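A closer look at the structure
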Amino acid sequence: MVGTIELQRGFFKENPTVFFRSTEFTVTLFRYPSGVEAIELTNSRGKMVVLPYLGQIVWDLVFDGIELKMKNMFTQPKQVDEIVDTYGCFAFHSGLISNGCPGPEDDHVLHGEMACANMDHAWLEVTENSVKIGGSTEYIKGFGHHYIAKPSVKMIAGEANIEMGMYVKNLSGTDMPLQYMCHTNYAYLDHAVMKQNIPNSAFELRASIPDHVKPTEKWLDFNKEIREGKEPISILDRPDMYDPEIVFFMDGLSKHQKEASFEMTSPEGTTFFTTFSTDEFNYATRWLLFNEDQQVGAFVLPATCRPEGFLAAQDSGSLIKLASGEERSFTIVTGKK
């Protein structure tokens, strides 16, 4: 390692400032008009924009001139407490105490408290062939849970992918629930083919209907058609049917593969991919949405449980518990081939 550089909020100004430069990397600090601090990290293949103090959201990702993130309505990130109020990013960390779409009896926000957490610290870890953006936040409630979370995202020299990580440690004297999803919101590629080393039998169409989904007769008929076909969607060729969203769940991935690998390839040959350990992420979700405002081809969202809220995970037995002092780490590699 060349070294670690601690960041301070005062470093971020309205006018972009080059903070670090090498032959391969450039780190630029700036602040959006909304007041949200941002880091633009570039290598020879592309750029990434990270919000170091807002849940360490990966706001943008471009490689080889191709935008990897979903089409959305936001021109800039907003300083908010819930991810739905700034839903224009490439990726965010969903969880950690609760995760996903809250059920009727849940009392948590959409995708949990970590998604827009106010980070306490941010730093850069620089080596000869990589730059990692690190951060930490301490969650603490009187008469409640207490943990430290350290998300990270790394860019490597000459590569068109990133490595996203999450470390969490229970600092309380009692057990802590843990639900985590690395929520990567990929662009919708028309007529793209999705492949994975997980069998089709592992896919299950979501049966529950969250509050934000407003079913139509056409959509309900399409869901029935998918169920009768007993196969997941593998080609993005019916965009008129992906509004409202189509969601598939995959459970028990570790019984199929040690290392899960998912890809989405466009007719022009562009391939996006994600790999992860099923020891860390034993569940995954596929999320498809296409309308005038938002277009998403999230071919895989690795997770520790289904994203149906805290109580659903508790009832299904998929809720992880961290003992006092216990820690967990999660890593995915994702990007463009």
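**Quick word on the overall build of the protein**
Counting its secondary structure elements, the protein contains 2 helices and 22 strands. Whereas a compact globule of 337 residues would reach a radius of gyration of roughly 20 Å, the protein reaches 19 Å, a difference of no more than 12%. In terms of its C-alpha atoms, the protein occupies a principal-axis envelope of roughly 55 × 55 × 40 Å. Here the protein holds 337 residues, and 55% of them are scored as buried. For the protein, contacts bridging at least 24 residues in sequence account for 62% of all contacts bridging at least 6. Here the protein has roughly 14400 Å² of accessible surface; of this, 48% comes from carbon and sulfur atoms. If the 30 positive side-chain charges of the protein are averaged to one point and the 46 negative ones to another, these points end up 2 Å apart.

**Concerning the pattern of salt bridges**
Summed over all chains, the structure comprises 13 salt bridges. The partner of Arg306 in a salt bridge is Glu308, with the nearest N and O atoms 4.0 Å apart. Linking Glu326 and Arg328 is a salt bridge whose minimum nitrogen-to-oxygen distance equals 3.9 Å. A residue is classified by how much of its surface remains accessible, and Arg328, at 30% relative accessible area, is partly exposed. What emerges from the salt-bridge pattern is a single network uniting Glu204, Asp251, Arg306 and Glu308.

**Things to note about unusual backbone geometry**
Between Gly95 and Leu96 the backbone carries a cis peptide bond, its omega angle lying at 5°. Between Asp243 and the following residue, Pro244, the backbone shows a cis peptide bond with an omega angle of 5°. With respect to the helices and strands, the residue Pro244 is situated in the loop between helix H1 (217-229) and strand S16 (246-250). Unlike most non-glycine residues, Gln56 shows phi in positive territory, near 45°. Mapped onto the elements, Gln56 comes out in the loop between strand S5 (46-51) and strand S6 (57-63).

**Things to note about empty space enclosed by the protein**
Enumeration over the complete set of coordinates arrives at 1 cavity of 30 Å³ or more. Taken together, Leu205, Arg206, Ser208, Trp219, Asn223, Glu245, Ile246 and Val247 make up the full set of residues lining the largest cavity. Broken down by secondary-structure element, the contributors of at least two residues to the lining of the largest cavity are H1 and S16.

**Regarding the packing of aromatic side chains**
Centre distance and the angle of the planes are the two values used to describe a pair of aromatic rings. Counted by the stated rule, this structure contains 18 aromatic pairs. With a centroid separation of 6.0 Å and 80° between ring planes, the pair formed by Tyr87 and Trp287 is classed as edge-to-face. Within this pair, whereas Tyr87 is found in the loop between strand S7 (66-67) and strand S8 (91-96), its partner Trp287 is found in strand S19 (residues 283-290), the two being separated by 200 residues in sequence. In this structure, Tyr87 and Trp287 share a single accessibility class: buried. When the centroid spacing of 6.2 Å and the interplanar angle of 75° are considered together, the rings of Phe203 and Phe248 count as edge-to-face. Of this pair, Phe203 sits in strand S15 (residues 203-205) while Phe248 sits in strand S16, and the two are 45 residues apart along the sequence. By the ring-pair criterion, three or more aromatic residues cluster together here, those being Tyr180, Phe262, Phe276, Phe281 and Phe330. Just above the ring of Phe273 sits the side chain of Lys337; from NZ or CZ to the centre is 5.9 Å.

**Brief notes about the layout of surface pockets**
Gaps left between atoms are located by rolling a probe of water-molecule size over the structure's atoms. Of the volumes computed, that of the largest pocket is approximately 580 Å³. Counting residues per element, the ones that place at least two in the lining of the largest pocket are strand S13 (176-184), S16 and S19. Among the elements that take part in the lining of the largest pocket, S19 stands out by supplying 3 residues, more than any other. Of the residues belonging to the lining of the largest pocket, the class tally is 17 nonpolar, 6 polar and 5 charged. There is about 290 Å³ of room inside the second largest pocket. Ser98, Asp107, His108, Val109 and Glu113 are, among the 17 residues lining the second largest pocket, the residues nearest its centre. Counted by class, the lining of the second largest pocket contains 8 nonpolar, 3 polar and 6 charged residues.

Rules used in this analysis
- Residues numbered from 1 in each chain as written.
- Predicted model: local features only at pLDDT ≥ 70, side-chain atom pairs only at ≥ 80, totals over all residues.
- Heavy atoms only, no water.
- Helix = DSSP H or I, 4+ residues; strand = E, 2+ residues; numbered from the N terminus.
- Rg over C-alpha atoms; globule rule 2.2 N^0.38 Å.
- Buried < 20%, exposed > 50% of the residue type's maximum accessible area, 1.4 Å probe, protein only.
- Contact = heavy atoms within 4.5 Å.
- Areas by Shrake-Rupley, 256 points an atom, 1.4 Å probe, with all protein chains shown as cover.
- Lys, Arg positive; Asp, Glu negative; His and termini not counted.
- Charge placed at Lys NZ, Arg CZ, Asp CG, Glu CD.
- Salt bridge = Lys/Arg side-chain N within 4 Å of Asp/Glu carboxyl O.
- 1 Å grid on protein atoms, 1.4 Å probe; cavity = no way out; pocket = protein on both sides within 12 Å on 5 of 7 lines; lining within 4 Å.
- Points joined across faces, edges and corners; volume = space filled by probe spheres on them.
- Phe/Tyr/Trp six-rings, centres within 6.5 Å; stacked < 30°, edge-to-face > 60°.
- Lys NZ or Arg CZ within 6 Å of the ring centre and 35° of its normal.
- Nonpolar A, V, L, I, M, F, W, Y, C, P; charged D, E, K, R; others polar.

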